[in-house]
Amino acid sequence: MLKPSVEVRNENGVLVAEFWDCLRLDPAPVRDLRAHYEAHLRAKGRPDLVVDLNGVSFAGSASLGGFLALHRLASQQKGKVIFCNVDETVYEVFRISKLTPMFGFVADRPAALALANAPDPGGDPPPPGPAPSPSAPPPPFPSPRGDGPLRRNRRRE
């Protein structure tokens, strides 16, 4: 049986986290990540955090709450949380929850480390990047403007 866990390492002062055996990201490894991050800050590490979600195909609301707590902690220290290797489905959960402006999203770990090492001119959080796969198909649900296929069929009746 798989035991989800988080593995962390320090790369040039930036804490990099990678989840293992986590197709579905449960809150326990995210809580473990927070403990590692707090220890990293106590050891005078940089406040930036790179979270590699390679292999994670689902993240529930409890996991998002843990990432939100990490964002708050990083922001208090003038740091940022940057996600990389994010599955389209996981990104959609962030987007629908309206959390994408709070985090950085980049394609891979080198891009995430580059963003973490980039100077932050205004102290603002990093701009949200595009979905990990820019050629992702549009969502299968009708748009909120009411011009989706279900809405059109109702107007014709």
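Above this text is the structure in question.
In this text, all values refer to a predicted model and were calculated from it rather than measured experimentally.

Draft legend 1. Quick peek at the nonpolar core. Core analysis: the largest hydrophobic core is formed by 30 residues, its most contacted members being Phe19, Leu53, Phe67 and Phe83. When residues of this core are assigned to their parent elements, the largest contribution, five residues, is made by helix H2 (residues 61–76). Excluding its chain neighbours within four sequence positions, the residues that come into contact with Phe83 are Val51, Leu53, Phe67, Phe94, Phe103, Gly104, Phe105 and Val106. Core analysis: the second largest hydrophobic core is formed by nine residues, Val16, Cys84, Val106 and Ala116 among them.

Draft legend 2. A look at the pairing of strand S4 (residues 49–52). The alternating pattern of S4 places Leu49 and Val51 on one face and Val50 and Asp52 on the opposite face, and all of these are buried. Pairing geometry for strand S2 (residues 14–20) and S4, over four bridges, is parallel. Residue pairing for S4: Val16 is matched across the bridge by Val50. Across four bridges, S4 lies against strand S6 (residues 81–84) in parallel orientation. Bridge pairing in S6 places Leu49 opposite Val81.

Draft legend 3. Here's a closer look at helix H4 (residues 109–117). Of the residues making up H4, those classed as buried are Arg109, Ala112, Leu113 and Ala116. All buried residues of H4 lie within an arc of 95° about the axis, which places them on one face of the element. In this structure, the buried side of H4 is in contact with strand S1 (5–11), S2, S4, S6 and strand S7 (104–106). Structurally, the start of H4 carries an N-cap: the backbone nitrogen of Ala111 is 3.0 Å from a side-chain oxygen of Asp108.

Draft legend 4. Fine view of helix H3 (residues 88–96). Val90, Tyr91, Val93 and Phe94 are the residues of H3 that are buried. Each buried residue of H3 sits inside an arc of 155° when the element is viewed along its axis, so together they form one side. Put simply, Asp87 is the residue that caps the front of H3, since its side-chain oxygen is 2.9 Å from the backbone nitrogen of Thr89. Positive phi shows up at Lys98, right after H3, with a value of about 60°.

Draft legend 5. Broad picture of unusual backbone geometry. The backbone of Lys44 shows a phi angle near 70°, a positive value even though the residue is not glycine. Locating Lys44 in the fold gives a position in the loop between helix H1 (27–42) and S4.

Draft legend 6. Quick look at the sheet that holds S2. One open sheet accounts for five strands, arranged S1-S2-S4-S6-S7; its pairing is mixed. A single partner strand is all that each edge strand has here, and the edge strands are S1 and S7. For this sheet, the mean inter-axis angle between neighbouring strands, taken without regard to orientation, is 25°. Across the face of the sheet, H2 comes into contact with S2, S4 and S6 while running at roughly 135° to S6. Of the strands in this sheet, S1, S2, S4, S6 and S7 are in contact with H4, which crosses S2 at around 150°.

Each value, and the rule that gives it
Residues numbered from 1 in each chain as written. Predicted model: local features only at pLDDT ≥ 70, side-chain atom pairs only at ≥ 80, totals over all residues. Heavy atoms only, no water. Core = buried A, V, L, I, M, F, W, Y, C linked by side-chain atoms within 4.5 Å. Buried < 20%, exposed > 50% of the residue type's maximum accessible area, 1.4 Å probe, protein only. Helix = DSSP H or I, 4+ residues; strand = E, 2+ residues; numbered from the N terminus. Contact = heavy atoms within 4.5 Å. Pairing = 2+ DSSP bridges. Arc of directions from axis to C-beta. Polar contact = N/O pair within 3.5 Å; in protein donor to acceptor, adjacent residues only side chain to side chain. Axes fitted to C-alpha atoms, helices over the stretch in contact; angles between N-to-C directions.

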